[in-house]
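Observations on the model geometry
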Amino acid sequence: MRRILAAAVLTLGAGAAPAQLPVDVTGTLEMPKVRNRIYVGDVAINHIVDGRIHLVDGDTGKYLGRIGAGLAGQFTQSPDRRELYVATTYLSRLQRGDRVDVVEVYDADRLEFKHEIPIESRRAQALGYRGYLRGSADGRLLYVLNATPAVSVSVVDLQARKQVAEIDAAGCWGIYPAAGHPRRFSTLCGEGTVATFTLNDDGTLPAQGGRVDSERLFDPDNDALFIHAEQAGDTYWFVSFKGNLVALDMGQARASELRRWQVVPKADAPRRWRPGGYAPMAFDAKRNRLYLAMHSGGKEGSHKLPANEIWAIDATTGKRVARWPGRSAIALHAPASGDPLLYAIDGMHNALVVMGGSKMTVRHRIAPIGDASVLLESR
């Protein structure tokens, strides 16, 4: 055996040199042009320093790519959907060490990192919610929710690439920018009011009159509102733990109530239907419908349970117009394209479910979708 191996080595050594392999050329591919691009926020709870944002073709269910989101990163899009912003945290020794907080800016067409903006290390490190990172209507400012545990909002100037202010919002939670005023946002407060902040053009708070509190608009003790909201211009839709839909006008200097409905019909009251999940509501602007993730047997503490049914509510009358299987949904989203589609995260199986048609039948099911996905957005 040794003689055979030696002969083989001599034979190879005596032969001609192997041909030079071609040089690999690296590059960046353009994202496929799809009608409905879905962003799935994944906090990756089992390895939370390594969160992700998954991208899926909402029509075909094809996986398109992903972006790293760091430690409990939050994300949002620019008004023109050309950029993606990720507010996140990095530790120098992965699970310990020096903390650095930044807003990362990505080219959404190429999933390419562009630059980062340092921010104060006060950012709320939490599961993905839309109201934790929002942009101003004109795309100039970015609002970052902080919790130390005192609540404040960092204001980032995306053009100047720096944080320009920190707004005290103690006792409040969530960020809801106005559509009609580029320097105005509101937040829900613990006494049941809504605080509205109207900033100077540079993003700072005026010395006088910058904050205006509303009258009491909800009962935080007996029927709290989910922090997730659906926006239609300056109207924000909220749903309460007990199934009350509330529309608030967030466009004026003082927030006010527009309308309120109880969505559970009297005939269904004995089954104690309640909303549940992390993003338990979606708004279909084209059909003027609100979709709710509902579970039966609701009680105190059941507000995170996955859905037994999905209800469609007419946003003009407040009446239920359809009900479908719940798909164990903990998050819902209707695409901005206006297509008759509804997306859900199945919280029991960590799956992305694509539904469509008049009966919202399942068209695609992607499982698993990350490790702990709770937030859906679309482009």
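Our structure's up above, just so we're on the same page.
Below or above, wherever it landed, is the structure these notes cover.

Criteria and thresholds
Residues numbered from 1 in each chain as written. Predicted model: local features only at pLDDT ≥ 70, side-chain atom pairs only at ≥ 80, totals over all residues. Heavy atoms only, no water. Pairing = 2+ DSSP bridges. Helix = DSSP H or I, 4+ residues; strand = E, 2+ residues; numbered from the N terminus. Axes fitted to C-alpha atoms, helices over the stretch in contact; angles between N-to-C directions. Contact = heavy atoms within 4.5 Å. Phe/Tyr/Trp six-rings, centres within 6.5 Å; stacked < 30°, edge-to-face > 60°. Disulfide = S-S within 2.5 Å. Buried < 20%, exposed > 50% of the residue type's maximum accessible area, 1.4 Å probe, protein only.

Across the sheet, 4 strands lie side by side as 7-8-9-10; this open sheet has antiparallel pairing. The open sheet is flanked by strand 7 (133-135) and strand 10 (162-168), the only strands paired with a single partner. Here the average twist between neighbouring strands, direction ignored, is 25°. Two strands pair when backbone bridges link them, and strand 7 and strand 8 (residues 141-147) are joined in this way by 3 bridges, in the antiparallel orientation.

Attention now goes to the environment of Gly-70. Structurally, Gly-70 is set in strand 3 (residues 63-77). With 10 residues separating them in the primary sequence, Gly-70 and Asp-80 have C-alpha atoms 24 Å apart. Setting aside anything within four residues of it in sequence, one finds Gly-70 in contact with Ile-48, Val-49, Asp-50, Gly-51, Thr-88, Thr-89 and Tyr-90.

Let us now look at the packing of aromatic side chains. For the structure shown, the criterion picks out 13 aromatic pairs. Between Tyr-106 and Phe-113, the ring centres sit 5.7 Å apart and the planes meet at 70°, which makes this aromatic pair edge-to-face. A centroid spacing of 5.8 Å and a plane angle of 20° characterise the contact between Trp-237 and Trp-261, whose relative ring orientation is stacked. On the criterion of sequence distance, the pair formed by Trp-237 in strand 16 (residues 235-239) and Trp-261 in strand 18 (residues 256-262) is long-range, its members being 24 residues apart.

A separate point is the state of the cysteines. Inspection of the entire model under this criterion finds 1 disulfide. One disulfide in the model links Cys-172 with Cys-189; its S-S distance is 2.1 Å. Note on the Cys-172 and Cys-189 pair: the S-S dihedral is about 90°, so by sign convention the disulfide is right-handed. Taken together, the positions of Cys-172 in strand 11 (residues 172-177) and Cys-189 in strand 12 (residues 184-189) put the pair 17 residues apart, joining distant regions of the chain. Exposure class is identical for Cys-172 and Cys-189. Each is buried.

Moving on, we come to the sheet that holds strand 5 (residues 99-107). One open sheet holds the 7 strands; their spatial order is 6-5-4-3-2-1-28, and the pairing between them is antiparallel. Taken across any chain shown, the strands that pair with only one partner, and hence form the sheet edges, are strand 6 (112-119) and strand 28 (373-378). On average, adjacent strands in this sheet sit at an angle of 30° to one another, irrespective of strand direction. Where strand 3 and strand 4 (residues 83-91) come together, 5 bridges link them in antiparallel fashion. Bridge assignment links Gln-77 to a residue of strand 4, and that residue is Leu-84.

What follows is about the pairing of strand 22 (residues 309-314). Burial analysis of strand 22 places 5 of its 6 residues in the buried class, which makes it a mostly covered element. Where strand 21 (residues 289-295) and strand 22 come together, 6 bridges link them in antiparallel fashion. Bridge pairing in strand 22 places Ala-293 opposite Ile-310. Sheet topology places strand 22 next to strand 23 (residues 320-325); 5 bridges connect them, and they run antiparallel. Among the inter-strand pairings, Trp-311 is bridged to a residue of strand 23, identified as Arg-323. Between strand 22 and strand 23, which pair antiparallel and follow one another directly, the connecting turn spans 5 residues, one of which, Gly-318, has a positive phi of 80°.

Note that every value here comes from positions in space, so none of it alone points to a role or purpose.
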